[in-house]
Amino acid sequence: MTEAMTEAMHAFLVHVGDDNFCRVLRDTPGRGKSGNGRIKVMAFPPLGIQTLAPVLRARGHRVRMFDTCHPQMQAEHIAGAAALERPDVIALSFLSTTTYPAVKRMARRLKAAAARIPIIAGGAFATLNADRILGDCPDIDCVGVGEGEELLPDYLENLGDPGSVAGLVWRRGEAVVENAPRPLLQDLDRFPYPDRTSLPIDYIESLPLDVPAVLSLDKFCTVQTSRGCPYACVYCGIPSLGGRRWRSRSPEHVLGELQELNDQGYRSIYLTDDHFLINRTRIDRICRGIIERGLRFRWGCEGRVDSVGIEQLPLMHEAGCDFLAFGVEAGTRKVLDRLNKKQTPAQVEHAVREAKRKGIARVHGFFVIGSPGECEEDILESFRFAARLELDTFGFNRLCAYRGTPLWDEYVARGIIDDERDWHKWFKCSDIDPTALPSATVNRLRAKGYGLLFLNRILRHPIRTWRLLRAFAGHMKKADLVRLLASPFRRRALTRAPELPARMVDAGIGQPNRHTVAAAPI
């Protein structure tokens, strides 16, 4: 079907977010609302539906977007809008297993209000579990596997012939049909820039912590300049989605979007690339373009400590980069090797030191604890290692297993996880792996490590610590700041807690048997 022959359709694009990582800015005069009917929310923008909306509009279709972080964009509101407007398709976009129950509730509510409107689901979790979702959730009619820029308009323009849509998994009666896969997109430059204006939401730059920490009230958005990662860390599912391939937009296309954002008044931008620092020449061209154009925003990104892009830190700083996050993960070579990080503590130290020496204002370190084979001394050494590094902020999370990661596959092979019955769950390794320390021990060590780390920061880096706290205090109420500082020492209440594997439930046990532990593969 050619674009000229395409009948104009109407689509709802719904981002179903995780309530753990969003919060409406309230109770502060002049901050909860923008004065133009928009609300302010501490959350990352839903870049997926923001990207797809202009793609559909370019083909003549009408689009309405929803983000469930908005109090007036909950299931009942979207169902009411669907019953009134009768869109041709409702697309539900969500990231992970933690939001899958909310997606099912959303689909049920939508079907009750408008039973004849087809619902398509998409996103990382949906891509990895398409056939299982259709078997589990009768209210979802089909799943788009992979990237949506070509798939969604193809589906919208072929509602009567779903078998012709590559990458679609759908129902034919009681049978689930998996169409031929759709190849990865090669030319990422041919799509329009995301729509960041239609949603009545101003997204606030913040850290998604137990108590979300507002970093600034500057106009904020996210940008994706590349996709994928060639590495195979055991806890990461990104390679399973992109085949360990890294694909990028051209520097010229990226700079065109950055120019547009600058002209629209954005002053804080976060690059959501899985690995921005992978290509030295590309970094050089983007940064020099920012400088030559006189773009006035701050920006941040993530990358590996062993990246060639570390050499470009002076230029990145000159181009306005003021935040850099590294996946440190652990302070010992033993645990780094167990996680298949392919990096060393020495490389971590070098990258963090260079970032601070070259002027990056805030350097963040991601750590995980509770890994298979990790002992108490290993965890404490990770905290001591963090204390030695010149990090400004840091986070220590318990290692989790998600479907689509090498760690999940390992647990299936070891008989810990039943892939057929556990596909919709996520697990903390310390809850299920007999080679990992018990959760109670990990929590105790985490609290102890944070205490030592905070004390070290106050005594050794009092000025830097004071500046950081002052930056947070400028945008947070004192009570929230106190709660933020206390949060590492108390257990976090999640909207969806991790479950236990089916085999442990069958056996009636709440902890793995650590008395007869065989060595886990290294």
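Anything mentioned here points back to the structure above.
Analysis parameters
Residues numbered from 1 in each chain as written. Predicted model: local features only at pLDDT ≥ 70, side-chain atom pairs only at ≥ 80, totals over all residues. Heavy atoms only, no water. Helix = DSSP H or I, 4+ residues; strand = E, 2+ residues; numbered from the N terminus. Buried < 20%, exposed > 50% of the residue type's maximum accessible area, 1.4 Å probe, protein only. Contact = heavy atoms within 4.5 Å. Areas by Shrake-Rupley, 256 points an atom, 1.4 Å probe, with all protein chains shown as cover. Salt bridge = Lys/Arg side-chain N within 4 Å of Asp/Glu carboxyl O. Axes fitted to C-alpha atoms, helices over the stretch in contact; angles between N-to-C directions. Parallel < 35°, antiparallel > 145°, perpendicular 65-115°, else oblique. Left-handed = near helix turned anticlockwise from the far one by under 90°. Nonpolar A, V, L, I, M, F, W, Y, C, P; charged D, E, K, R; others polar. 1 Å grid on protein atoms, 1.4 Å probe; cavity = no way out; pocket = protein on both sides within 12 Å on 5 of 7 lines; lining within 4 Å. Points joined across faces, edges and corners; volume = space filled by probe spheres on them.

So, the overall build of the protein
Then comes step 1: Within the protein, the regular secondary structure consists of 20 helices and 22 strands.
Then comes step 2: Looking at the protein as a whole, 55% of its 522 residues are labelled buried.
Then comes step 3: Contacts in the protein between residues at least 24 apart in sequence constitute 74% of all its contacts with a sequence separation of at least 6.
Then comes step 4: Accessible surface for the protein amounts to roughly 22,500 Å². Of this, 54% is attributable to carbon and sulfur atoms.

A closer look at the pattern of salt bridges
Then comes step 1: According to the stated counting rule, one finds 41 salt bridges in the structure shown.
Then comes step 2: E311 serves as the salt-bridge partner of R280, at 2.9 Å between the closest nitrogen and oxygen. With a gap of 31 residues between them, R280 in helix 9 (residues 280–293) and E311 in the loop between strand 17 (298–303) and helix 10 (313–318) connect regions that are remote in the sequence.
Then comes step 3: For R280, a relative accessible area of 36% translates into the label partly exposed.
Then comes step 4: Accessibility expressed as a relative area gives 54% for E311, which makes it exposed.
Then comes step 5: One connected set of salt bridges, linked through shared partners, spans D131, R132, R403, D419 and E420.

Some details on the packing of helix 13 (residues 376–388) against helix 17 (residues 439–460)
Then comes step 1: In the contact formed by helix 13 and helix 17, the axes pass within 9 Å of each other and the chain directions differ by 20 degrees. In terms of orientation, helix 13 lies roughly parallel with respect to helix 17. Between helix 13 and helix 17 lies a crossing whose hand is right-handed. For the pair helix 13 and helix 17, contact is made by E376, I379, L380, F383, A386 and A387 and by T441, V442, R444, L445, R446, K448, G449, Y450, L453, N456, R457 and R460, respectively.
Then comes step 2: Tallied by class, the residues present in the contact of helix 13 with helix 17 amount to nine nonpolar, three polar and six charged.

Considerations on the layout of surface pockets
Then comes step 1: In this structure, the second largest pocket occupies an estimated 410 Å³ of space.
Then comes step 2: What lines the second largest pocket is a set of 17 residues, and nearest its centre among them are D322, A361, R362, L468 and A471.
Then comes step 3: Taken together, the elements giving at least two residues each to the lining of the second largest pocket come down to strand 18 (321–329) and helix 18 (462–473).
Then comes step 4: A per-element tally of the lining of the second largest pocket places helix 18 first, with seven residues.
Then comes step 5: Class assignment of the residues belonging to the lining of the second largest pocket gives a composition of eight nonpolar, two polar and seven charged.

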